[in-house]
Amino acid sequence: MREFFFKLYVLLSRRDRMKLMFLLVMIILSSLAGVAGIASIMPLVQIMSNPETVQSSVYLSWIYTELGFTDLDTFVFYLGVVLLCVFIFSNLFLAFTMWFNIRFVQFVSYNLTRRLLLKYLSMPYEFFLRRNSSDLVKNLFSEISNIVKGLLKPATEALAQSAMVLAILLFLIIVDPVVALIAFGAMGGVYMLISIGIRKRLKKAGKGRVRANRVRFSIANEALGGIKDVKLMGKESVYLDRFSVHARRFEVFKATVQIMSKLPKFALEIVAFGGMLAITLYLFAMSSALDEVLPLIAVYAFAGYRLLPALQEVFKGATEARGNMSSLDVVYEDLKDVRLDTVRLGSDVEEPLPFRSRLVLKNIRFAYENTNIPVIDDMSIEIEANSTVGFVGTTGCGKTTAVDIILGLLAPQEGQIIVDGVPVNSENQRNWQRNLGYVAQYIYLADDTITRNIAFGVPEDQIDIESVHRAAHIANIHEFIDDDLHNGYDTVVGERGVRLSGGQRQRIGI
């Protein structure tokens, strides 16, 4: 549990931590409000069962006298109204706490998703060579959803209900300590036995769910991303079978956590209602006067009405939270060492690095991670401005790597990139990239309109249509867009431009 709170503290922003502290205060106050609602029943039942209680009770007698009541029926009426107001207020406060809790949890989901995407976007290009994109997407949506809906929300609800249970326990101890301790001992014993029995299975189910989720995302991404090859080679059933195995495992592990969180409900109900009957018999055995027993029975009945759902929520929340701890571990590993307040994202507002003479690659050496053999070893070349250069060589000789180094996507382990005598480093890398245009071997097009693909990354309200048309003219594709496409520049190209030919995709990329 200490590890859970530590990791959660690291993941939450400073503002979210303040909200969490406020939520804890509200939880404490709501538990007191809940007990006030239970306690309000006792004096009303006492007076209704025995009107003489008004005179025999020190507190009721003081209230009756100080407020100037002369008629018992009027006093009972106004007392009932006050107690009803207390009950209504306590429930409204509980509802407000629940509302704040839900809002807090959902904004944590937004903040975590944004911060994790910010972290991924800020990572160097080499990071994406090591990580599977489907795994990153899974973390952004599936794992954060599990943290919020399957861990944080149940944990805060369990915490709120635990405070309620503790407050009710303290109140019942004041009313009758022996009965209260026996009842809570029985319920707590049932809870502890079940909790100990399922702890290992929950941990195993949580880890298994994360593994199965990662594989099913990867298979689905692979199948749908390479659908052309899958269709051509008739491999649909192979991918479906592979996906089905891990998708089924994912749902089985998920169902295991949900079942384990709800099974104790039945055991707790048996203990609670059996205990209620035992308490009633005990009270009748201790006192034969109905007016003495009835208020206590009413209090215990109302306390049980509040207590049983609270205990069930405590167990359910704790079980679901424990079963989703693996999701917390996954996101924590990606965010724990990142100072997001210092992250500097690339932008297109920097001035281009002056380039009028030559680009020099001097003694460049580069090796990919987990290999000791360099792809490029001591490469030195000079490229004159306004010239055309081609890289030619066998597969694996480093042509693409050399281009990626020139583009500033990969940083060489040794050597320098020099532009007109100025070394390119992390400080001016984006300024150098402002000079570059890049058409990849495999064109990426967003599933959007042709206009937004040509103006890639430009906010919609800043798109200059004339510039878009001018670029299309230069790339010799304006006539095709304007004459052959029914929606012209508003035509949606489909995912990766599947609704266009290869040449048309290349020209939009240019």
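Structure: see above.
For the structure given in this document, a descriptive report is provided here. (Residues numbered from 1 in each chain as written. Predicted model: local features only at pLDDT ≥ 70, side-chain atom pairs only at ≥ 80, totals over all residues. Heavy atoms only, no water.)

### Side note on the overall build of the protein chain
Argument step 1. Helices and strands together make up the secondary structure of the protein chain, namely 20 helices and 4 strands.
Argument step 2. When contacts within the protein chain are restricted to residue pairs at least 6 apart in sequence, long-range pairs at least 24 apart make up 74% of them.
Argument step 3. Total accessible area on the protein chain stands at roughly 30200 Å², and carbon and sulfur atoms take up 60% of it. (Helix = DSSP H or I, 4+ residues; strand = E, 2+ residues; numbered from the N terminus. Contact = heavy atoms within 4.5 Å. Areas by Shrake-Rupley, 256 points an atom, 1.4 Å probe, with all protein chains shown as cover.)

### Thoughts on a nonpolar patch on the surface
Argument step 1. A cluster of nonpolar residues, V25, I28, L29 and L32, forms a patch on the protein surface that exposes about 370 Å² of accessible area.
Argument step 2. Tracing the sequence through the fold places L29 in helix 2 (residues 14–39). (Patch = residues over 30% accessible without salt bridge, like charges linked within 9 Å, V, L, I, M, F, W, Y side chains within 5 Å. Salt bridge = Lys/Arg side-chain N within 4 Å of Asp/Glu carboxyl O.)

### Side note on unusual backbone geometry
Trans peptide bonds make up the majority, and among non-glycine residues the majority have a negative phi.
Argument step 1. The phi torsion at N363 lies on the positive side, around 50°, for a residue other than glycine.
Argument step 2. If you trace the backbone, N363 turns up in strand 1 (residues 358–366).
Argument step 3. For N363, a relative accessible area of 34% gives the class partly exposed.
Argument step 4. We note that D378 has phi near 60°; this positive angle belongs to a residue other than glycine.
Argument step 5. Relative to the assigned elements, D378 resides in strand 2 (residues 376–384). (Buried < 20%, exposed > 50% of the residue type's maximum accessible area, 1.4 Å probe, protein only.)

### Quick notes on the sheet that holds strand 2
Argument step 1. Ordered by their spatial adjacency, 4 strands build an open sheet running 2-1-3-4, and the pairing between neighbours is antiparallel. In the strand order of this sheet, the two ends are held by strand 2 and strand 4 (422–423), each with one partner.
Argument step 2. Examined bridge by bridge, strand 1 and strand 3 (residues 414–419) share 5 bridges and lie antiparallel to one another. Residue V360 lies in a different strand from strand 3, and its bridge partner there is I418. (Pairing = 2+ DSSP bridges.)

### A short note on the nonpolar core
Note that soluble globular proteins tend to have their nonpolar side chains buried in a common cluster.
Argument step 1. In terms of nonpolar packing, the biggest core is built from 31 residues, with F4, F104, L112 and L328 touching the most fellow members.
Argument step 2. Contributions of two or more residues to this core are made by helix 1 (2–11), helix 2, helix 6 (72–122), helix 8 (133–175) and helix 14 (325–335).
Argument step 3. Among the elements that make up this core, the one with the highest residue count is helix 8 (10 residues).
Argument step 4. Apart from the residues within four sequence positions on either side, L112 is in contact with L11, I144, I147 and L335.
Argument step 5. Counting 16 residues, the second-largest nonpolar core is a separate cluster that includes L353, I405, L410 and V419. (Core = buried A, V, L, I, M, F, W, Y, C linked by side-chain atoms within 4.5 Å.)

### Describing the packing of helix 2 against helix 6
Argument step 1. Close contact between helix 2 and helix 6 brings their axes to 9 Å; oriented N to C, the two are set at 160°. If you check the angle between helix 2 and helix 6, you find them roughly antiparallel. For the pair helix 2 and helix 6, the sense of crossing is left-handed. (Axes fitted to C-alpha atoms, helices over the stretch in contact; angles between N-to-C directions. Parallel < 35°, antiparallel > 145°, perpendicular 65-115°, else oblique. Left-handed = near helix turned anticlockwise from the far one by under 90°.)

### Quick look at helix 14
Argument step 1. Where burial is concerned, most of helix 14 is hidden: 9 out of the 11 residues are buried.
Argument step 2. When we look at burial in helix 14, the residues that qualify are M325, S326, S327, L328, V330, V331, Y332, D334 and L335.

### Here we look at a positive patch on the surface
Argument step 1. On the surface, a cluster of positive charge is made up of R201, K203, K204, K207, R211 and R214.
Argument step 2. Along the polypeptide, K203 turns up in helix 9 (residues 177–225). (Lys, Arg positive; Asp, Glu negative; His and termini not counted. Charge placed at Lys NZ, Arg CZ, Asp CG, Glu CD.)

### Description of the environment of F243
Argument step 1. Counting through the fold element by element, F243 comes out in helix 11 (residues 236–262).
Argument step 2. We classify F243 as partly exposed; its relative accessible area is 30%.
Argument step 3. As for F243 and A223, which are separated by 20 residues in sequence, their C-alpha atoms are 9.4 Å apart.
Argument step 4. With residues near it in sequence (within four places) discarded, F243 still touches R216, I219 and A220.

### Comments concerning the pattern of salt bridges
Argument step 1. Under the definition given, this model contains 10 salt bridges.
Argument step 2. The partner of K138 in a salt bridge is D135, and the shortest N-O contact between them spans 3.6 Å. Separated by 3 residues within a single helix, K138 and D135 lie in helix 8, roughly one turn from each other. Pair check on accessibility: K138 and D135 agree, each one buried.
Argument step 3. D448 is the partner of R452 in a salt bridge, and the nearest nitrogen-oxygen pair spans 2.9 Å.
Argument step 4. Here D448 falls in the partly exposed class, since its relative accessible area comes to 25%.
Argument step 5. Among the charged side chains, a network of salt bridges with common partners joins R131, D135, K138, E143, R209 and D334.

### Here we look at the packing of aromatic side chains
Here a ring pair, both rings aromatic, is described through the centre-centre distance and the interplanar angle of the planes.
Argument step 1. Tallied over the full model, the rule gives 7 aromatic pairs.
Argument step 2. Relative to F100, the ring of F22 lies with its centre 5.1 Å away and its plane at 75°, an arrangement referred to as edge-to-face. Taken together, the residues span a long stretch of sequence, with F22 in helix 2 and F100 in helix 6 at a distance of 78 residues.
Argument step 3. The exposure class assigned to F100 is buried, which follows from its relative accessible area of 15%.
Argument step 4. On the basis of an interplanar angle of 90° and a centroid distance of 4.9 Å, the ring pair of F366 and Y368 is categorised as edge-to-face.
Argument step 5. Residue F366 is classed as buried on the basis of its relative accessible area of 1%.
Argument step 6. With a relative accessible area of 29%, Y368 lands in the partly exposed category.
Argument step 7. By the ring-pair criterion, three or more aromatic residues cluster together here, those being Y120, F127 and F128. (Phe/Tyr/Trp six-rings, centres within 6.5 Å; stacked < 30°, edge-to-face > 60°.)

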